[in-house]
Protein chains: 2
Amino acid sequence: MKHISSRDNPAYKRVLRLACGKRDETDDGGPSGHHAVLEGIHLCQSWLQHAGSPQLALFDSDRLQHNDEVAKLAQSVDARLCLSCEPRLMKSLSQVEHGQGVCFVVAVPLRSLPARIDHNSIWLDRIQDPGNVGTLLRTAAAADIRNAYLSQGCASAWSPKVLRSGQGAHFVMSIHEHVDLRHAQERVTVPLIATALENATSLYQSPLPPTAAWLLGNEGQGIDPALLALADRRVFIPQAENVESLNVAVAAGICLFEHRRQHTR
Amino acid sequence: MKHISSRDNPAYKRVLRLACGKRDETDDGGPSGHHAVLEGIHLCQSWLQHAGSPQLALFDSDRLQHNDEVAKLAQSVDARLCLSCEPRLMKSLSQVEHGQGVCFVVAVPLRSLPARIDHNSIWLDRIQDPGNVGTLLRTAAAADIRNAYLSQGCASAWSPKVLRSGQGAHFVMSIHEHVDLRHAQERVTVPLIATALENATSLYQSPLPPTAAWLLGNEGQGIDPALLALADRRVFIPQAENVESLNVAVAAGICLFEHRRQHTR
C-alpha cells in the first residue's frame, strides 16, 4: 500500500480539499457527478455494504497496524485504491475530535428529477441545520422511504455533518439536491402532505393515503407559503399547549411512522 | 443600569465561569440548588414566561440601544437585576457564533425524587449527546410529559447546548438529574416501558397503558441490561430492514406521540 508522509502529496491535497467541503477540481457539475469524503468506520462499512467500492481509501498508518476494525476495513477494499497516511496528516483531515483514522473518497450519485413522483418521499424546504437534514434522511430510511427532494437552501446533503447524522441513510436513498420544489410538485402524482401549524388538520383526524410526499419546512419559518399553497393536505401534530413546537426531524418521525403504522401489513 | 467594561468585574467573572459550564463558587450542591446561564432572546423570554425573574440579566450595551427585542426584554426585568455590558465582553460569554447579546443567570430548581412516580415520565439512561438530551426534553414537553429522570452519565441538563436544543422545555418540566434509575424503579407505580431492539414487541402490537414511564438508552449501547431487566414491557418501532436504527430523540417522539394518540381525548 502506498504511504503518504507529505502534505504536498497530490492525492492527499485533493482529499483535504474535499473534506473541507470544497468541490473537487474535476467536479464540473456535469453528468459524472461530484465527490464526497466519508469519515469513520461505520460510514465506510456502510458504503461498502450498500454502494460498493470507494474511489480512494485513506488509512491512518498507526491504526492500520494496531486497530483490527481498521485493518479489516482495509482488507475489504481493492489494495490499489488504498493509501496509508501519517497519523498527523490523517488528523488534519478529520472533521471530528476523535477520528477513527479512516476516510473514503466516493462518487456521489447524480440524480435527475423523475418524470413522475409516484413513490413515498420527503421534501425538505430550506432545512438549514446539518444535523436536522442528516436525521431526517436517517428517519426516512428507517421508515422505508427511499427518495428525498431537497430545495436550494438546505444544508448540503453530502457534507461531513449531514453524512454523520445520516448514519448511512445516504447510501440506500436517492437524494435529489437543489430541487425547485414547485417545479417538482408538477410531477407528483400522489398527495403532497405538508406539516404546518396553521390551517391544518390533526395528523390523526382522517386516514392517510397509502403513498404520500411529505413536505417539511425551515426550522424557524416553516414551509415557503407559495409552496405550502400547492400541498394537497396540511397536517399538524396535536401537542401540549404553551410549549415550543417539535424539532423538524422528530415531527417527521411522528408523521412518517404514523403513515407506516396505517399502511404496513 | 450598571455598566460593565472590565473583565475583572466580579459579576462578569461569575457569569463567565457559569457560561463555561463551571459551577458557581457558592453552589455547594445543597438545598439551594445551583445556577445556570441562559443565552438568547427566546430562552430568556421563555424563562420570564414560565419561571419568573432571573437572578441577574446581562445585556450587550449596543444591542440594548439598537435592537428592539433586546430592549423590550430588558424592560421586563427588574432594573436592579440588569447589567449592561461591553459588546466584546458579551461576545466572550457567548457559546454560539452569532450571539444575540442577552444572558440570564437563573437558579436551577433542585428536585428530590418523589416517593411515588405515578405520572407520565421519560427516563434517560446515559444519553450522552447534549443535542439528544435537549431534543428529548423538548419532545417530552410537547407530548405533555412533565417529568424527566436522568441517570448519571447523561449530558448535563442545564448546560448551554442542552438548554439550546431544549427550547424552553426545561422551564415547564421537573428535571431530575443524577438519578439512580434502578432505585427510582422501586418508586414507580405505572408500567415502565423500555425501547429496545431485542426481545421486544412492536409498539403497535397491544394497547399502551394510560400512564407510563418511558425508558430510553444510550446512543450506542442502549439501556443498561440490569435496568432493562426491570422494565415491565419492551417495545420496538417496526422499521425498514438493513438500515440504521432511529435516533433516540426521534424514537422517543414516535413512542410518546403514539401513547398520546391512544389516550388523548
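Residues numbered from 1 in each chain as written. Chains lettered and ligands numbered in written order. Predicted model: local features only at pLDDT ≥ 70, side-chain atom pairs only at ≥ 80, totals over all residues. Heavy atoms only, no water.

Looking at an unreviewed UniProt entry, one finds chain A named RNA methyltransferase and attributed to Pollutimonas nitritireducens.

**Student:** Can you tell me about the sheet that holds strand 9 (residues 192-195) of chain B, naming the residues and giving the values?
**Tutor:** Residue and element names in this part refer to chain B. With parallel pairing, the seven strands of this open sheet are ordered in space as 8-7-6-11-9-12-10. With partners counted over all chains shown, the strands left at the sheet margins are strand 8 (174-179) and strand 10 (201-202), one partner each. Each of strand 6 (121-125), strand 7 (147-151), strand 8 and strand 11 (213-217) touches helix 6 (residues 130-142); the most contacted strand, strand 6, lies at about 170 degrees to it. Against the sheet, helix 10 (residues 248-263) touches strand 6, strand 9 and strand 11, its axis set at about 165 degrees to strand 11. (Pairing = 2+ DSSP bridges. Helix = DSSP H or I, 4+ residues; strand = E, 2+ residues; numbered from the N terminus. Contact = heavy atoms within 4.5 Å. Axes fitted to C-alpha atoms, helices over the stretch in contact; angles between N-to-C directions.)

**Student:** Account for the interface of chain A and chain B, with residues named and values stated.
**Tutor:** Listed as interface residues are 32 residues of chain A and, on the opposing side, 32 residues of chain B. When chain A packs against chain B, the two sides together hide about 2,400 Å² of surface, and 60% of this comes from carbon and sulfur. Put simply, chain A and chain B have two salt bridges between them. The salt bridge involving Glu258 of chain A is made with Arg261 of chain B; its shortest N-O contact spans 3.8 Å. (Buried area = accessible area lost by both parts, 1.4 Å probe. Salt bridge = Lys/Arg side-chain N within 4 Å of Asp/Glu carboxyl O.)

**Student:** For the sheet that holds strand 1 (residues 2-4) of chain B, give the residues involved together with the corresponding values.
**Tutor:** By way of backbone hydrogen bonds, the strands of a sheet pair with one another, either parallel or antiparallel. Residues and elements named next belong to chain B. Taking strand neighbours across the sheet as the criterion, the five strands line up as 1-4-3-5-2 in an open arrangement whose pairing is mixed. With one partner strand each, in any of the chains shown, strand 1 and strand 2 (34-39) form the two edges of the open sheet. Across the sheet, the mean angle separating the axes of adjacent strands is 25 degrees when strand polarity is ignored. Bridging between strand 3 (residues 56-60) and strand 4 (residues 82-85) involves four bridges; their strand directions are parallel. Bridge assignment links Phe59 to a residue of strand 4, and that residue is Ser84. The sheet strands contacting helix 2 (residues 41-50) are strand 2 and strand 5 (102-108), and the helix crosses strand 5 at an angle near 40 degrees.

**Student:** Describe the pattern of salt bridges, listing the residues and the values that go with them.
**Tutor:** Considering all chains together, one arrives at 12 salt bridges over all chains under this definition. Between Arg146 of chain B and Asp144 of chain B there is a salt bridge, and its shortest N-O distance comes to 3.0 Å. In the salt-bridge network here, residues are joined through shared partners; they are Glu258 and Arg261 of chain A together with Glu258 and Arg261 of chain B.

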